[in-house]
Amino acid sequence: MERSPGEGPSPSPMDQPSAPSDPTDQPPAAHAKLDPGSGGQPAGPGAAGEALAVLTSFGRRLLVLIPVYLAGAVGLSVGFVLFGLALYLGWRRVRDEKERSLRAARQLLDDEEQLTKLLAETVAPAVRGSNPHLQTFTFTRVELGEKPLRIIGVKVHPGQRKEQILLDLNISYVGDVQIDVEVKKYFCKAGVKGMQLHGVLRVILEPLIGDLPIVGAVSMFFIRRPTLDINWTGMTNLLDIPGLSSLSDTMIMDSIAAFLVLPNRLLVPLVPDLQDVAQLRSPLPRGIIRIHLLAARGLSSKDKYVKGLIEGKSDPYALVRLGTQTFCSRVIDEELNPQWGETYEVMVHEVPGQEIEVEVFDKDPDKDDFLGRMKLDVGKVLQAGVLDDWFPLQGGQGQVHLRLEWLSLLSDAEKLEQVLQWNRGVSSRPEPPSAAILVVYLDRAQDLPLKKGNKEPNPMVQLSIQDVTQESKAVYSTNCPVWEEAFRFFLQDPQSQELDVQVKDDSRALTLGALTLPLARLLTAPELTLDQWFQLSSSGPNSRLYIKLVMRILYLDSSEICFPTVPGSPGAWDVDSESPQRGSSVDAPPRPCHTTPDSQFGTEHVLRIHVLEAQDLIAKDRFLGGLVKGKSDPYVKLKLAGRSFRSHVVREDLNPRWNEVFEVIVTSVPGQELEVEVFDKDLDKDDFLGRCKVSLTTVLNSGFLDEWLTLEDVPSGRLHLRLERLTPRPTAAELEEVLQVNSLIQTQKSAELAAALLSVYMERAEDLPLRKGTKPPNPYATLTVGDTSHKTKTVSQTSAPVWDESASFLIRKPHIESLELQVRGEGTGLLGSLSLPLSELLVADQLCLDRWFTLSSGQGQVLLRAQLGILVSQHSGVEAHSHSYSHSSSSLSEEPELWGGPPHITSSAPELRQRLTHVDSPLEAPAGPLGQVKLTVWYYSEERKLVSIVHGCRALRQNGRDPPDPYVSLLLLPDKNRGTKRKTSQKKRTLSPEFNERFEWELPLDEALRRKLDVSVKSNSSFMSRERELLGKVQLDLAETDLSQGVARWYDLMDDKDKGSS
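None of the values given here were measured: they were computed from a predicted structure.

1. Remarks on the overall build of the chain
- Per the secondary structure count, the chain includes 16 helices and 52 strands.
- The buried share of the chain, taken over its 1062 residues, is 43%.

2. What about the sheet that holds strand E15 (residues 369-377)?
- Spatially, 4 strands are ordered E12-E11-E14-E15 in an open sheet, and the strand pairing comes out antiparallel. Each edge of the open sheet carries a strand with a single partner, namely strand E12 (325-328) and E15. Across the sheet, the axes of successive neighbouring strands diverge by a mean angle of 15°, strand direction being ignored.
- By the bridge criterion, 6 bridges tie strand E11 (residues 316-322) to strand E14 (residues 355-362) in an arrangement that is antiparallel. What sits directly across from Leu319, in E14, is Glu359.

3. With respect to the environment of Leu821
- Mapped onto the elements of the fold, Leu821 is located in strand E41 (residues 818-825).
- In this structure the C-alpha to C-alpha distance between Leu821 and Leu834, which are 13 residues apart in sequence, comes to 5.0 Å.
- Leave out the neighbours within four places in its chain, and Leu821 touches Met762, Ala781, Thr782, Leu783, Gly832, Ser833, Leu834, Val862 and Leu864.

4. Considerations on the environment of Glu163
- With respect to the element layout, Glu163 can be found in the loop between strand E2 (150-157) and strand E3 (165-183).
- The class for Glu163 is partly exposed, based on a relative accessible area of 41%.
- With 52 residues separating them in the primary sequence, Glu163 and Val215 have C-alpha atoms 9.4 Å apart.
- Contacts of Glu163, omitting those with residues within four sequence positions, involve Leu205, Glu206, Pro207 and Leu208.

5. Description of a positive patch on the surface
- A cluster of basic residues, Arg978, Lys981, Lys983 and Arg1028, forms a positive patch at the surface.
- The residue Lys983 is located in strand E48 (residues 982-983) in this model.

6. Regarding the pairing of strand E43 (residues 848-854)
- The element E43 is largely enclosed, with a buried count of 5 among its 7 residues.
- Relative to strand E44 (residues 861-871), E43 runs antiparallel, the two being bridged by 7 bridges. Its bridge partner lying in E44, Cys848 is registered against Gln867.

7. Focus: the sheet that holds E48
- The antiparallel open sheet is built from 4 strands, whose spatial order is E48-E47-E50-E51. Of all strands in the sheet, those with a lone pairing partner are E48 and strand E51 (1028-1037), marking the two edges.
- The pairing of strand E47 (residues 966-973) with strand E50 (residues 1012-1020) spans 8 bridges and is antiparallel. Looking across to E50, one finds that Leu970 is bridged to Val1015.

8. What about a nonpolar patch on the surface?
- Together, Ile151, Val154, Val156, Ile165, Leu208, Leu212 and Ile214 make up an exposed nonpolar region whose accessible area comes to about 650 Å².
- Ranked by the residues each element gives to the nonpolar patch, the list is headed by E2, at 3 residues.
- Residue position: Val154 is located in strand E2.

9. A look at the environment of Thr116
- Of note, Thr116 is situated in helix H4 (residues 78-130).
- Through-space distance from the C-alpha of Thr116 to that of Val142 is 6.3 Å; in sequence the pair is 26 residues apart.

10. Points about the packing of aromatic side chains
- In the structure shown here, the tally under the stated rule is 9 aromatic pairs.
- Ring geometry for Tyr635 against Phe679: centres 5.9 Å apart, planes inclined by 25°, an arrangement best described as stacked. Pair noted here: Tyr635 is in strand E29 (residues 634-640) and Phe679 is in strand E32 (residues 673-680), with a separation of 44 residues, a long-range link. Residue Tyr635 shares its accessibility class with Phe679, and that shared class is buried.
- Between Phe679 and Phe688, the aromatic rings sit 6.0 Å apart at their centres with planes inclined by 70°, giving edge-to-face as the arrangement.
- The class of Phe679 is buried, set by a relative accessible area of 13%.
- Since its relative accessible area comes to 24%, Phe688 is described here as partly exposed.

11. Considering the pattern of salt bridges
- For the structure shown, the criterion picks out 34 salt bridges.
- Here Arg651 ties to Asp633 by a salt bridge, and the two come within 3.9 Å at their closest N and O atoms. Of this pair, Arg651 sits in the loop between strand E30 (643-646) and strand E31 (657-666) while Asp633 is found in the loop between strand E28 (628-629) and E29, placing the two residues 18 residues apart along the sequence.
- Given a relative accessible area of 10%, Asp633 falls into the buried group.
- Residues Arg722 and Asp706 are paired through a salt bridge, measuring 3.2 Å at the closest nitrogen-oxygen approach. Here Asp706 lies in strand E34 (residues 704-710) and Arg722 lies in strand E35 (residues 718-726), a separation of 16 residues in the sequence.

12. A look at the UniProt feature "transmembrane region" (unreviewed entry) in the chain
- Mapped onto this numbering, the UniProt entry gives "transmembrane region" (unreviewed entry) at residues 62-91 and 203-223.
- Between the C-alpha atoms that bound residues 203-223 there is a distance of 10 Å. The span itself is 0% helix and 43% strand.

13. Regarding the packing of helix H2 (residues 47-64) against helix H3 (residues 66-74)
- In the contact formed by H2 and H3, the axes pass within 4 Å of each other and the chain directions differ by 30°. Residue-level inspection shows Leu62, Leu63 and Val64 of H2 in contact with H3, the latter providing Ile66, Pro67 and Val68.
- Of the residues assigned to the contact of H2 with H3, the class counts are 6 nonpolar, no polar and no charged.

14. Some remarks on the nonpolar core
- Among the nonpolar cores identified, the biggest contains 39 residues, and Leu438, Leu549 and Met551 are the most heavily contacted of them.
- With 6 residues, strand E25 (residues 544-555) is the largest single contributor of residues to this core.
- If we ignore the near neighbours within four places in the chain, the residues touching Leu438 are Ile465, Phe487, Arg488, Phe489, Leu491, Leu519, Leu522, Leu549, Val550 and Met551.
- Ranked by size, the runner-up nonpolar core spans 37 residues in total, among them Ala781, Ala844, Phe853 and Val872.

15. Notes on unusual backbone geometry
- Residues Glu206 and Pro207 are joined by a peptide bond in cis, for which omega reads -10°.
- Tracing the sequence through the fold places Pro207 in the loop between strand E4 (188-205) and strand E5 (217-222).
- Omega for the bond connecting Leu973 with Pro974 falls within 30 degrees of zero, at 10°, which places this linkage in the cis form.
- You can see Pro974 is positioned in the loop between E47 and E48.
- The residue Ala641 is not glycine, and still its phi comes out positive at about 55°.
- If you trace the backbone, Ala641 turns up in the loop between E29 and E30.
- What makes Ala641 partly exposed here is its relative accessible area of 42%.
- Within the chain, Glu652 stands out as a residue other than glycine whose phi angle is a positive 50°.
- Relative to the helices and strands, Glu652 resides in the loop between E30 and E31.

Reading guide: rules and limits
Residues numbered from 1 in each chain as written. Predicted model: local features only at pLDDT ≥ 70, side-chain atom pairs only at ≥ 80, totals over all residues. Heavy atoms only, no water. Helix = DSSP H or I, 4+ residues; strand = E, 2+ residues; numbered from the N terminus. Buried < 20%, exposed > 50% of the residue type's maximum accessible area, 1.4 Å probe, protein only. Pairing = 2+ DSSP bridges. Axes fitted to C-alpha atoms, helices over the stretch in contact; angles between N-to-C directions. Contact = heavy atoms within 4.5 Å. Patch = residues over 30% accessible without salt bridge, like charges linked within 9 Å, V, L, I, M, F, W, Y side chains within 5 Å. Areas by Shrake-Rupley, 256 points an atom, 1.4 Å probe, with all protein chains shown as cover. Salt bridge = Lys/Arg side-chain N within 4 Å of Asp/Glu carboxyl O. Lys, Arg positive; Asp, Glu negative; His and termini not counted. Charge placed at Lys NZ, Arg CZ, Asp CG, Glu CD. Phe/Tyr/Trp six-rings, centres within 6.5 Å; stacked < 30°, edge-to-face > 60°. UniProt positions renumbered as here; feature names shortened; annotations may be inferred. Nonpolar A, V, L, I, M, F, W, Y, C, P; charged D, E, K, R; others polar. Core = buried A, V, L, I, M, F, W, Y, C linked by side-chain atoms within 4.5 Å.

Right under this line is the structure:
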């Protein structure tokens, strides 16, 4: 495809179908440009000219033989001929070298002239146009100097792979460059006279190919930040002042680091159509180092008082750096032996080469005092796995205590649960430990929508995961942009986090498309990688984005690390005491029949946190440089018992309504607090909108708290929270009521509410299979319910381990969930497993099983206690009147009893059981001729919504030979538009379908009372027909329905003429 000389580079091959290159496709200007270089000679001589050229060439070759002929005619020996030939070749070589030197000098002069021309014709006009005060700006002198860049050392490393070559070039540039500028209007002169740059430049030659030029691409980058020294002149000589000198050099070095210091690198492709350019430019890290900055000791005292007469201490803080990744610890006031206890995670790209650098400073009001520095090559951490030591500080006194852990990158999710369980037991600040990393290769987009006036957009991309947002560069004037950039994120929990992608115009005001991708999709993808096109929402019909996502699990592989355990497990590491000699009835202790948990087992509660709304929040958004005041995009963060939760973001609202419910397992340990913080969601750093705290003891003692809490540390704002303590009850009598109430109060933005709490005490195991037939294993156990797992400690070399550990799980569907137990050995794999359906606990005495269980492998048993407690809410705001399961009279007459406490019966319990017995009795009236539909209709005042739950149908009429394929259609009359229409899924060939689907309509209560709910049960008449067969319908007058109770009832279906009733 032709393009004019003024156009930019042509699109890459992925933008359009590739075509074979052809010189004739070049524009005419390209051919015309080559003619002057050939001397302006006419092209295409005739046949006579070609013959003359051949004869001339042949004659020249004959002339070379004339000196040989003359030497032979005169009678000279061959030595004279060879001597003359050597003189001629030497003269020719000297002449060629001089010509090459002259050409290089001319090229250098041309380059300097080109640079001078660039500065004079491009840079200077741009500077003059940027500010009216710089209209007389000009370059008065531009000299690049005579001193070249020198390479003072080269080191070759064995490559990580056979397809690459690694070179380290120790470069040094001490240049005599001189550039002077002048603003004549203000008689201001400034410039640079001389600069120095020293550093180690790594060059990677990859991939190696089997054809010229042998190397496919060259990557260059500085492993560490190079040192820079600039000598300023004129007005800029002020930058040589000690304070400003370091500041100016640091700013320039930051610019260089953003381009050429790891993880940034310069890639120069040497062959066309090079594959995986993005991965060569931004490869996956070699690994992750988790840096625990623990403490320091013996630091020097820098603070002085009374002009140095009184010696104080220091206010130390530390800077931790690896490449461009820099972290700053908090300041410890007046302490020479500070305790930081902070954790940072850094990505390692090159081993060997990169270094961990820690600098300690004394915080002062003017300039911070230097206390010392230490450096460590990351290769030592890779070799050790875990490195925990005191390191001496160079340039000062004292030592710093670091614990360094090398985290390998795994390409499968097999060990993810193990990593998550370990991270839950790790105390880390300022951020929780990461379980994985995500690398996003942003390639290109296609067919983005145009701006107003059919103008091409300037697209850029914002990628966000929770509070971290990164932006791509902007590609100007195109709706098919190519970015080829990479972005890296740390992930705390890949199972629940999402990647949010926003394609916007560079003004950030116009959204061109969006994409939300749950990261759980990667966990089931091959090698945790997705490489494909993604359709954009809120965009054009054909707008799509091509990205590659690569996830890697962070795994600490060290035999020195064991998982956190419950304290107080006597004898767990005493192999002899737990493995008595078989056949010795005197020494062997009797085998216990039941577990012996401590008194704290089973005393947990569940705290249900209902985040309702907020009022009078402060506005943090500003536009047009702060001239226009906006609102805020608030969300809530909750922290309690080592768990953290976060609500969704409400856009542009100072009085937001979240209406989200969170649940957490808590104990009665005094001093615990629920920490609540409100933030404004921003692109870079979220703004603080206030905080408040609630004592957990207050909630546990009262059982319920519904208050407006004033937000602290801000001028205004308050938050509405509803907190309820749920105490597990060891009876299944109210389980169905709990399930129905949970379905009624369930909000769309919250997870499914828990109906029960499962507590498991894992005491011991016996007769586990031996390793390799003779050696005892190193066993541990994993307990799993749904997506939640708990891993016990590992007991060394025993077939009868004692764990003495407990775990608790939130149960949402006790009828169908199960407890999965696996006993494994370190390095030996699975030793046995057990699956315990929770339905067995529902029929057990006190909902508890305490005994020995045989493992599925047939060899080995485990002793555990599993007890279930039903979570009954006393402040849900609704009253359940029926459920879908019938109970016997004996089960309905049971009284609920708390574990370790007196019986507790609500006043409505007898009435509730009476209604349940009456409504769901098997002796109730038979269904009508067309069947019945079971509905729950109520008004949820918290969300201002009308809610209907379609439970199912029964005894539907069969008109043909085959049973129908029923579904239920709901319509709010008198409106018959699609806005009020709802429809369930379709069930195949059944007369008694079960749906259990929930539908909502947002409307005020007074308007709901003026509506009628039209419920129709329909079936597809045939596969090829769009017609629907009406099986029956019922119409509910909502004004005559009690919408405050949430009653589940069967309604008789009638034909279209006669609307049925219950």
